[in-house]
Amino acid sequence: MSRRRTCALVLSLLLLVLGGAGQAQAVGYRYWSFWDLAGGKWTYATQGPSTARPSDGDVQGFRFAVSADSQDASKPRGHADFASICAKTPAQAGHKRVALVIDSGTTADAPGGETPPAPRTVCARVPADATTAEALATVAKPLRYDTNALLCAIAGYPGTGCGEQVATSRTAPPTTAKADADAKDNGKDNADATSEPARHGPSLGLLAGVVAVAALGGAAVWQTRRRRP
């Protein structure tokens, strides 16, 4: 085996190790994210639904999906506007109307054995000081929360699980502890977000693979030199 062919083999093996490591580290959270519609665009809500107090005419959305953080989160799908969602709900003194978009996501993001309901829109008419969580409770029961007040299920979906970490096949994004906390906190009541610390630097598997490839390359070069007359 020539030195050139040996180097090419070592480089190919090293690329395989590095490429596989990026996917092995990819993780996300399966949860309901909370959104505000402003200027026709969805923006990730800065408060949880139990503290947000929308005004009459606001449009808010919920999307169930697996996301790594707030930058990666999937937005509610479809067209949404207050006039069409609340067209059949007349105004009432002392109350407000909030248009809600509830998108249960795709089969790919669903927990095993569950089928996501079709996306739907609904108009909640609630007292003027009501929170988004109270508005949601009037139109999408049963709601389910965990002990940290994280919103786990809307209209009974999903039946199990709550903000659990899920392995994904996409390349791992540069995750930080704050981004992980944002992902789990969006949808909470007043509780603080908790998440595992971010993992920076190469994994043990990656280092072991690099060492193995380096050792293989060294052995091949040694064999090449040994065979020379």
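Owing to the predicted nature of the structure, the values given are computational and were not obtained by experimental measurement.

(A) Representation of the state of the cysteines. With the rule as written, the count across this model stands at 2 disulfides. Across the disulfide from C86 sits C123; the S-S distance is 2.1 Å. An S-S torsion of about 100 degrees defines the bridge between C86 and C123 as right-handed. Taken together, the residues C86 in the loop between α2 (82-85) and β4 (95-103) and C123 in strand β5 (residues 120-127) connect sequence positions 37 residues apart. When sorted by exposure, C86 lands in the same class as C123, which is buried. There is a disulfide in this structure between C152 and C162, and the S-S distance comes to 1.9 Å. One quick way to see it: the torsion about the S-S bond of C152 and C162 is about -75 degrees, and its sign makes the bridge left-handed. Here C162 lies in the loop between β7 (151-153) and β8 (165-167) and C152 lies in strand β7, a separation of 10 residues in the sequence. Under the relative-accessibility criterion, C162 is labelled partly exposed at 23%.

(B) A look at unusual backbone geometry. In this structure, the amide linkage connecting K141 to the following residue, P142, adopts the cis form with an omega of -5 degrees. Looking at the element boundaries, P142 is found in the loop between α3 (132-139) and β6 (144-145). For the peptide bond that leads from Y157 to P158, omega is -5 degrees, which places it in the cis range. Inspection of the secondary structure puts P158 in the loop between β7 and β8. Here the phi dihedral of A149 falls at roughly 70 degrees; this positive angle occurs in a residue that is not glycine. As for its placement among the helices and strands, A149 is situated in the loop between β6 and β7.

(C) How the structure looks around the pairing of β4. Burial within β4 is extensive, with 8 of its 9 residues counted as buried. As paired strands, strand β3 (residues 59-67) and β4 are joined by 5 bridges and run parallel to one another. Residue Q60 lies in a different strand from β4, and its bridge partner there is L100.

(D) Expanded view of the packing of aromatic side chains. For the coordinates displayed, the defined rule picks out 4 aromatic pairs. Ring centres of F34 and F62 lie 5.0 Å apart, and the angle between their planes is 20 degrees; this geometry places the pair in the stacked category. Taken together, the residues F34 in strand β1 (residues 27-38) and F62 in strand β3 connect sequence positions 28 residues apart. Members of the aromatic cluster, connected to one another through ring pairs, are W32, F64 and Y157.

(E) Up close: the side chain of R30. Tracing the sequence through the fold places R30 in strand β1. Within the structure, R30 has its side chain in polar contact with the backbone oxygen of D109 (distance 2.9 Å). If near-sequence neighbours (up to four positions away) are discounted, R30 is found in contact with F64, A65, V66, D109, A110, P111, C162, G163, E164 and V166.

Rules and cut-offs
- Residues numbered from 1 in each chain as written.
- Predicted model: local features only at pLDDT ≥ 70, side-chain atom pairs only at ≥ 80, totals over all residues.
- Heavy atoms only, no water.
- Disulfide = S-S within 2.5 Å.
- Helix = DSSP H or I, 4+ residues; strand = E, 2+ residues; numbered from the N terminus.
- Buried < 20%, exposed > 50% of the residue type's maximum accessible area, 1.4 Å probe, protein only.
- Pairing = 2+ DSSP bridges.
- Phe/Tyr/Trp six-rings, centres within 6.5 Å; stacked < 30°, edge-to-face > 60°.
- Polar contact = N/O pair within 3.5 Å; in protein donor to acceptor, adjacent residues only side chain to side chain.
- Contact = heavy atoms within 4.5 Å.

Any link to function would need more than the numbers given here.
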